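Residues per chain are reported as follows:
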Amino acid sequence: MQKKITVVGGGVAGLVAAVAAAEAGARVTLFEAHRRLGGRARSTSAPYIASEGPHVFYADGPHWRWLARRRLVPASRLGPAELLRARMRVEGRLRGLPPAPMLRAATRRRLRAPIGRDFTSWATERFGADTARWIANMMGVVTFDAAPGRLSAAFVWERFLRVSRPGWPAVRYVHGG
Ligand SMILES: Cc1cc2nc3c(=O)[nH]c(=O)nc-3n(C[C@H](O)[C@H](O)[C@H](O)COP(=O)(O)OP(=O)(O)OC[C@H]3O[C@@H](n4cnc5c(N)ncnc54)[C@H](O)[C@@H]3O)c2cc1C
């Protein structure tokens, strides 16, 4: 018997749930309060396109693979010119590369962090207070959190390893916002 499924909310999560259920043969009804689908992933209309929420995808996880299989990710990665122009601000100075202790921390690819401890106290023990603070500040960009140092060490460290992975960054920019 064909199942009926109701999905409330047409953000990324609701859309993925609705598509997956429909692909599995269910009859899906999706309710969305807003006039347009997308939730916080919406962008304003042209000509002045602004992202109302996310503008990047990470290409190293199941979310990306799910979308890519359905050709739903028109997105680009940074080119060499953009990467060379990238800068980070550390202690008030702009730098082309992160400080050496931070780079050393990024080589600890097998290190695992505890879930039940905050990132700052765990990372301070291992890498020192400055490096722990630099990493936590950098992870603010990735986690959309104002103080990632207070979050679970496992969560912050896993994301730090992902964004500092050697080779090309996994970040992809969605075309048009
Ligand atoms: C400023 C900002 C930047 C971000 N940048 C990124 C990024 O670069 N990369 C990234 O991966 N993530 C980013 N995020 C996180 C990302 O936006 C969210 O994780 C994701 O969009 C959440 O999707 P969702 O479907 O769970 O919820 P939402 O996008 O919030 O969707 C919920 C939907 O449900 C609808 N709804 C709610 N209640 C009802 C109801 N009763 N009836 C009908 N409809 C209802 C809402 O109108 C909405 O459309 C960012 C978030 C913000 C705020």
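Reading the values: rules and limits
- Residues numbered from 1 in each chain as written.
- Predicted model: local features only at pLDDT ≥ 70, side-chain atom pairs only at ≥ 80, totals over all residues.
- Heavy atoms only, no water.
- Helix = DSSP H or I, 4+ residues; strand = E, 2+ residues; numbered from the N terminus.
- Expected span 1.5 Å × (residues − 1).
- Buried < 20%, exposed > 50% of the residue type's maximum accessible area, 1.4 Å probe, protein only.
- Contact = heavy atoms within 4.5 Å.
- 1 Å grid on protein atoms, 1.4 Å probe; cavity = no way out; pocket = protein on both sides within 12 Å on 5 of 7 lines; lining within 4 Å.
- Points joined across faces, edges and corners; volume = space filled by probe spheres on them.
- Nonpolar A, V, L, I, M, F, W, Y, C, P; charged D, E, K, R; others polar.
- Salt bridge = Lys/Arg side-chain N within 4 Å of Asp/Glu carboxyl O.
- Core = buried A, V, L, I, M, F, W, Y, C linked by side-chain atoms within 4.5 Å.
- Domains from an automatic or database assignment.
- Pairing = 2+ DSSP bridges.
- Axes fitted to C-alpha atoms, helices over the stretch in contact; angles between N-to-C directions.
- Arc of directions from axis to C-beta.
- Parallel < 35°, antiparallel > 145°, perpendicular 65-115°, else oblique.

Considering helix 6 (residues 129-143)
Here's step 1: A rise of 1.5 Å per residue sets the reference length of helix 6, with its 15 residues, at 21 Å; its end C-alpha atoms lie 20 Å apart and thus fit the reference within 8%.
Here's step 2: Taken residue by residue, helix 6 has Thr131, Ala132, Trp134, Ile135, Ala136, Met139, Gly140, Val142 and Thr143 as its buried positions.
Here's step 3: Against the buried residues of helix 6 lie strand 3 (56-58), strand 5 (88-90), helix 4 (100-106), helix 5 (119-127) and helix 7 (153-163).
Here's step 4: Residue Phe144 follows helix 6 closely and has a positive phi angle near 60 degrees.

Some details on empty space enclosed by the protein
Here's step 1: Inspection of the entire model under this criterion finds one cavity of 30 Å³ or more.
Here's step 2: Reported here for the largest cavity is a volume of approximately 40 Å³.
Here's step 3: Around the largest cavity sit Tyr58, Asp60, Arg162, Val163, Pro169, Ala170 and Val171, which together line it.
Here's step 4: Here the lining of the largest cavity is composed, by residue class, of five nonpolar, no polar and two charged.

A short note on the pattern of salt bridges
Here's step 1: The tally for this structure, following the rule as stated, stands at nine salt bridges.
Here's step 2: Among the ionic pairs, Arg70 bridges to Glu23, the shortest N-O distance being 2.5 Å. In this pair, Arg70 sits in the loop between helix 2 (62-69) and strand 4 (75-76) while Glu23 sits in helix 1 (residues 12-23), placing the two residues 47 residues apart along the sequence.
Here's step 3: We classify Arg70 as partly exposed; its relative accessible area is 23%.

Considering the nonpolar core
Here's step 1: Within the largest apolar cluster, 23 residues are counted, with the highest numbers of intra-cluster contacts made by Phe119, Trp122, Phe127, Ile135, Trp157 and Phe160.
Here's step 2: Broken down by secondary-structure element, the contributors of at least two residues to this core are strand 5, helix 4, helix 5, helix 6 and helix 7.
Here's step 3: One finds Phe57, Trp64, Leu67 and Val73 within the second-largest nonpolar core, a separate group that totals five residues.

Concerning the domain arrangement of the protein chain
Here's step 1: Domain annotation for the protein chain reports domain 1 (1-42) and domain 2 (80-174).
Here's step 2: The C-alpha-based centres of domain 1 and domain 2 are spaced at 35 Å.

Looking at the sheet that holds strand 4
Here's step 1: Taken together, the three strands give an open sheet; going across it, the order is 3-7-4, and neighbouring strands pair in antiparallel fashion. This sheet does not close on itself; its edge strands, each paired only once, are strand 3 and strand 4.
Here's step 2: As judged from the two bridges shared by strand 4 and strand 7 (residues 171-174), these two strands associate in the antiparallel manner. Across the sheet, the residue bridging to Ser76 is Tyr173, located in strand 7.
Here's step 3: Those strands touched by helix 2 are strand 3, strand 4 and strand 7, and its axis lies near 105 degrees from that of strand 3.

Details of helix 2
Here's step 1: Where helix 2 is concerned, the buried positions are Trp64, Trp66 and Leu67. Buried residues of helix 2 fall within an arc of 160 degrees about the axis and therefore sit on the same side. Opposite the packed face of helix 2, turned more than 90 degrees from it, sit the exposed residues Pro62 and Arg69.
Here's step 2: Lining the buried residues of helix 2 we find helix 1, strand 3, strand 4 and strand 7.
Here's step 3: Phi turns positive one or two residues past the end of helix 2, at Arg71, with a value near 55 degrees.

Section: the packing of helix 6 against helix 7
Here's step 1: Contact geometry for helix 6 and helix 7: axes closest at 10 Å, N-to-C directions at 80 degrees. In terms of orientation, helix 6 and helix 7 fall into the roughly perpendicular class. Between helix 6 and helix 7, the contacting residues are Ile135, Met138, Met139, Val142 and Thr143 on the first element and Phe155, Val156, Trp157, Arg159, Phe160 and Val163 on the second.
Here's step 2: Of the residues belonging to the contact of helix 6 with helix 7, the class tally is nine nonpolar, one polar and one charged.

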